[in-house]
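The lines below spell out each chain.
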Amino acid sequence: MEVPFLDLKAQHAPLKEEILQAWSKILDSAGFVGGRVITEFEQEFAIACQTKYSIAVNSGTDALRFIFLALGLQPGDMVITVPNTFIATTEAITQAGGLVSFIDIDPKTYTLSPERLAERLAGMSAVERKKVKGIVPVHLYGQMADMDALLAVAKKYGLWVVEDACQAHLAEYKGHKAGSLGIAGAFSFYPGKNIGACGEAGAVTTNDEKLANRVKILRDHGQAQKYYHDIEGYNGRCDAVQVAALQIKLKHLPGWTEKRRQNAALYLEQLKDMKGIVLPYIAPGSSPVYHLFVILLDNRDAVMEKLKQKGISAGLHYPLPLHLQKAYSHLKIAPGAFPVTEHCAARLLSLPMFPELTKEQITYVCSSLKEVCGS
Ligand SMILES: *Cc1c(COP(=O)(O)O)cnc(C)c1O
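Okay, so let's go over this structure.

The rules behind these values
- Residues numbered from 1 in each chain as written.
- Predicted model: local features only at pLDDT ≥ 70, side-chain atom pairs only at ≥ 80, totals over all residues.
- Heavy atoms only, no water.
- Helix = DSSP H or I, 4+ residues; strand = E, 2+ residues; numbered from the N terminus.
- Rg over C-alpha atoms; globule rule 2.2 N^0.38 Å.
- Buried < 20%, exposed > 50% of the residue type's maximum accessible area, 1.4 Å probe, protein only.
- Contact = heavy atoms within 4.5 Å.
- Disulfide = S-S within 2.5 Å.
- Axes fitted to C-alpha atoms, helices over the stretch in contact; angles between N-to-C directions.
- Left-handed = near helix turned anticlockwise from the far one by under 90°.
- Near = heavy atom within 4 Å.
- Polar contact = N/O pair within 3.5 Å; in protein donor to acceptor, adjacent residues only side chain to side chain.
- Areas by Shrake-Rupley, 256 points an atom, 1.4 Å probe, with all protein chains shown as cover.
- Pairing = 2+ DSSP bridges.
- Phe/Tyr/Trp six-rings, centres within 6.5 Å; stacked < 30°, edge-to-face > 60°.

Observations regarding the overall build of the protein
So, step 1. Helices and strands together make up the secondary structure of the protein, namely 14 helices and 15 strands.
So, step 2. Relative to the 2.2 N^0.38 estimate, which gives 21 Å for 375 residues, the radius of gyration of the protein is 21 Å and therefore close to what a compact globule would have.
So, step 3. With the C-alpha coordinates of the protein rotated into their principal frame, the extents come out at 65 × 60 × 35 Å.
So, step 4. Here the protein holds 375 residues, and 52% of them are scored as buried.
So, step 5. Nonlocal contacts in the protein, meaning residues at least 24 apart in sequence, comprise 71% of its contacts between residues at least 6 apart.

Section: the state of the cysteines
The bond known as a disulfide is covalent and runs between the sulfur atoms of two cysteines.
So, step 1. For the structure on display, the rule yields 0 disulfides.
So, step 2. Unpaired in terms of disulfides, C344 finds its nearest cysteine sulfur in C373, a separation of 17 Å.
So, step 3. We note that C366 lacks a disulfide partner, and the nearest cysteine sulfur, in C373, lies 11 Å from it.

A look at the packing of helix 4 (residues 60–70) against helix 5 (residues 88–95)
So, step 1. Where helix 4 contacts helix 5, the two axes come as close as 8 Å, and the packing angle between them is 35°. The handedness of the crossing between helix 4 and helix 5 comes out as right-handed. Of the residues in helix 5, those in contact with T61, L64, R65 and F68 of helix 4 are A88, T89, E91, A92, I93 and Q95.

Describing helix 5
So, step 1. Of all the positions in helix 5, only A88, T89, T90, A92 and I93 are classed as buried.
So, step 2. In this structure, the buried side of helix 5 is in contact with helix 4, strand 2 (78–81), strand 3 (99–102), strand 4 (132–136) and strand 5 (160–164).
So, step 3. Two residues or fewer after helix 5 comes G97, characterised by a positive phi angle close to 100°.

Some words on the site of the ligand
So, step 1. Near the ligand you find 14 residues, and of these G60, T61, D164, S188 and K193 are the closest.
So, step 2. One of the side-chain nitrogen or oxygen atoms of D164 is found 2.8 Å away from a nitrogen atom of the ligand.
So, step 3. Notes on the ligand: free accessible area 380 Å², of which the protein chains cover 93%.

A few points about the sheet that holds strand 14 (residues 293–297)
So, step 1. Read from one edge of the open sheet, 3 strands run 12-14-15, paired in antiparallel fashion. The open sheet has two edge strands, strand 12 (277–278) and strand 15 (348–351), and neither has a second partner.
So, step 2. Judged from the 2 bridges that link them, strand 12 and strand 14 form a sheet pairing that is antiparallel. Residue pairing across strands places I277 opposite L297, the latter belonging to strand 14.

Some points on the sheet that holds strand 7 (residues 176–177)
So, step 1. Read across the sheet, 3 strands follow the order 7-6-13 without closing on themselves; strand pairing throughout is antiparallel. Of all the strands in the sheet, the pair left with one neighbour each is strand 7 and strand 13 (286–287).
So, step 2. For strand 6 (residues 172–173) and strand 13, the ladder comprises 2 bridges, and the chain directions are antiparallel. From the neighbouring strand, Y173 faces strand 13, where its bridge partner is S286.

Some details on the packing of aromatic side chains
So, step 1. Within this structure, the stated rule accounts for 12 aromatic pairs.
So, step 2. An angle of 80° between the planes, with centres 5.2 Å apart, marks the rings of F45 and F189 as edge-to-face. Taken together, the residues F45 in helix 3 (residues 36–48) and F189 in the loop between strand 8 (184–188) and strand 9 (202–206) connect sequence positions 144 residues apart. F189 shares its class with F45; the two are buried.
So, step 3. Each ring, one from Y110 and one from Y141, has its centre 6.1 Å from the other, and the planes form 75°; the classification is edge-to-face. Taken as a pair, Y110 in the loop between strand 3 and helix 6 (114–122) and Y141 in the loop between strand 4 and helix 8 (147–157) lie far apart in primary sequence, 31 residues in all. Each member of the pair, Y110 as well as Y141, carries the same accessibility label: buried.
So, step 4. An aromatic cluster is built from F41, F45, F187 and F189, whose rings are joined through pairwise contacts.

Below, the structure written as structure tokens:
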């Protein structure tokens, strides 16, 4: 049996006619950039995320970058995040003029550790602490970070919290949706995300009207009115072709999320007695959306290779932590600096996960995994 890591073709087949019709209308109207379809989608996505505003942009990376710029990040300002994330999180901080400061992850949720954060801030000199402006928890794999604890630490030190929710569309923490708890949330609609465009797209969510307006201006060359530029901005708009597909897909997102949760439940049930692996932890009050279904085990690379021989595609998220990447060699952070992240990076394995995965496929993955691991 073949089990792909992700099957986007299966998702698109039943939507093809509807998407093509929407695209045909756009082609006829030649309204490729801007227009009502954008604001309509922004309202719908804001409702889905339980926020007042959503602003559609080019990508999740731009969503993050525009939030940091809109918050007024200045050269030399420090922003705290985790080394176990996709590089877009830190690229956006640096490109907005900030300095990246890493904090290790929680060993259970694989997200920013509130304890390590509190410890780090308490241990800083007053001068150093003044440089820190905000923290960026990453709701990795679709599980939200411990927001109550992080928001409490942030409040104590007067820091803003920006949620990197690029893997966490519709994820919940104590009844609150991802992207609704910090000052702003960043979402990616990269094709492989839980809701993906047919190209590149992203969105910012916020309840703060001023921030929303600032992001809107930043994405469009600093203009609120055509050819009147209040500031220098960017070409960071989301085009109508992407938004039309996203609007159609958004209607299916709750159903797809439910399917992901059902698939995760099947994995958890079938693997619950397996020795030598750690299954995803679900924090109390948390409803993950399983962008990825990630297990932790020794001999990860050998297991992955043997699964591949059985037709099963697994993935690594992420094999090399950011602080050990060549791109961050100038930070001079030695291996061992973030032990939990490094332990996980060597052992995490992402099993196939997408809504259309069948029970037979999941059963095959689980039995193959047990066979390969000899348990
Ligand atoms: C995908 C992703 C991003 C970047 O989104 P793009 O749309 O690809 O720019 C940022 N952070 C995380 C955690 C992601 O998974």
